[in-house]
Amino acid sequence: MTFSTEDYEDVIPPHENPLIINPLIGQNKIWKVLVNTGSSANILFHKTYCMMNLAGEQLGSCNEAPLYAFGGYPIQFKGTITLPVLLGKLPYTVEKPVKFYVVQIESPYNAILGRPFLSTFEAVESIPHLKFKFPTEKGVGEMRGNQKTARIIMLEDLEKDHAYGKPDETGKRKRTEAEPSGNRETLNIELENFGADLSSLISEPAAENEEVELYACHSGKMVLSFLDVFSGYHQIAMNDKDVPKTTFITPKGTYAYIKMPFGLMNAGATFQQMVNKVFKEQIGRNMEAYVDDMIVKSLFQVTPRI
């Protein structure tokens, strides 16, 4: 199993983004699952577990030593559960049982797949490519990470740290507010539902906040150029058989469009397809495009020589 430049696909290098996948766990497609080689266990967070509707599935007892978080405090298990995990796309798929430790702490992820998971699937990961590969009966399968989701999670978690501070030893955050005198007092408000938008999704999320997406896609870029190519609608030739359908009558005669007018129902979709085709090698790397609105971006700013 090897990785090449073709494996970058939609990944924008260089980056330090985590590998986040959307595998099928049990009967649910779980979003925002972190693949972490630094974890010695596979973690399923309790909020996610409760939303999976695992009828008849009971948590097993766990007498093992507790896990320790980055802060050094121990994390007690609610129990363990073994669920089938399906990876890949047909025909390169594989399904194997995976043992999860269910814990009740706050996390921007729904689950964490650690070294035991990678060992079970004999998977090899590549963080630069945001992808890992594994053997199947039909050949080599692969799972690709979502860079945009990874960046949005990182940004939203940073915003939480700024507004609420780091989680304490219980895994919960406490709001910090300023008194009129300027002193800061920590209010013991347990935010049970804080971050529900991140940790409770086990199905495909709705469209992300546009402002967060903008920051996620273009953060770290030194130069941004915003373009409006509205006139481009009039540069796409109509299909000959569709020209008669655009006829209209004027006092001076009957006319028809030979170039695609903006008013057509499928004009936007047609123009977007053309843009995606023409800028296939640039979109996601040094430009973004939504119909006739385009952004050209660069990591560096070159000073012109005179």
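Rules and cut-offs
Residues numbered from 1 in each chain as written. Predicted model: local features only at pLDDT ≥ 70, side-chain atom pairs only at ≥ 80, totals over all residues. Heavy atoms only, no water. Helix = DSSP H or I, 4+ residues; strand = E, 2+ residues; numbered from the N terminus. Buried < 20%, exposed > 50% of the residue type's maximum accessible area, 1.4 Å probe, protein only. Areas by Shrake-Rupley, 256 points an atom, 1.4 Å probe, with all protein chains shown as cover. Pairing = 2+ DSSP bridges. pLDDT = per-residue confidence, 0-100. Contact = heavy atoms within 4.5 Å. Core = buried A, V, L, I, M, F, W, Y, C linked by side-chain atoms within 4.5 Å. Axes fitted to C-alpha atoms, helices over the stretch in contact; angles between N-to-C directions. Salt bridge = Lys/Arg side-chain N within 4 Å of Asp/Glu carboxyl O.

## Here's the deal with the overall build of the protein chain
Regarding its fold elements, the protein chain presents six helices and 20 strands. The 306 residues of the protein chain split such that 37% are buried. About 19,000 Å² of surface is accessible on the protein chain, with carbon and sulfur atoms providing 53% of the total.

## Overview of the sheet that holds strand E3 (residues 28-29)
Spatially, E1-E4-E10-E5-E9-E8-E2-E3 is the arrangement adopted by the eight strands of the open sheet, whose pairing is mixed. Each edge of the open sheet carries a strand with a single partner, namely strand E1 (19-21) and E3. As judged from the three bridges shared by strand E4 (residues 33-35) and strand E10 (residues 111-113), these two strands associate in the parallel manner. In the strand pairing of E10, Leu34 is matched with Ile112.

## Concerning the pairing of strand E13 (residues 139-144)
The pairing of strand E12 (residues 131-136) with E13 spans six bridges and is classified as antiparallel. For Phe134, the partnering residue across the bridge sits in E13 and is Gly141. Where E12 hands over to E13, the hairpin turn is made up of two residues, counted between the paired strands.

## Digging into the confidence of the model for the protein chain
On average, residues of the protein chain score 75 in pLDDT, and 70% of them reach the 70 mark or higher. Here residues 205-215 is a poorly scored stretch, pLDDT under 50, and it has eleven contacts once near neighbours within four places are set aside; other chains count.

## Focus: the nonpolar core
Soluble globular proteins tend to pack their nonpolar side chains together in the buried interior. Formed by 29 residues in total, the largest nonpolar core has its most connected members in Leu44, Leu87, Phe100, Phe117 and Phe132. Elements that contribute at least two residues to this core include exactly E1, E4, strand E8 (77-89), strand E9 (92-103), E10, helix H2 (115-120) and E12. Ignoring sequence-local partners within four residues, the contact set of Phe117 consists of Asn42, Val85, Leu87, Val98 and Phe132. Counting residues in hydrophobic clusters, the runner-up holds 13 residues, among them Phe45, Phe77, Tyr101 and Tyr109.

## Notes on the pairing of strand E20 (residues 293-298)
Two elements, strand E16 (residues 223-228) and E20, share six bridges in a ladder whose sense is antiparallel. Bridging across to E20, Asp228 finds its partner in Asp293. In this structure, strand E19 (residues 287-290) lies alongside E20, joined through four bridges in antiparallel fashion. Bridge pairing in E20 links Ala289 to Met294. Between the end of E19 and the start of E20, which pair antiparallel, lie two residues, with Val291 showing a positive phi angle near 55°.

## A look at the sheet that holds strand E11 (residues 124-126)
Taken in spatial order, the three strands line up as E11-E12-E13 in an open sheet, and their pairing is antiparallel. Only two strands of the sheet have a single neighbouring strand rather than two, namely E11 and E13. If you compare each strand with its neighbour and ignore which way they point, the axes differ by 25° on average. Bridge analysis of E11 against E12 gives three bridges, and the strand direction is antiparallel. Residue Ser126 lies in a different strand from E12, and its bridge partner there is Lys131.

## Details of the pattern of salt bridges
In total, this model carries eight salt bridges according to the counting rule given. A salt bridge links Glu142 to Lys131; the shortest N-O distance between them is 3.4 Å. In this pair, Glu142 is assigned in strand E13 and Lys131 in strand E12, connecting sequence segments eleven residues apart. Take Glu142: its relative accessible area is 35%, and that puts it in the partly exposed class. One network of salt bridges, in which partners are shared, links Asp7, Glu9, Asp10, Lys131, Lys133, Glu142 and Arg144.

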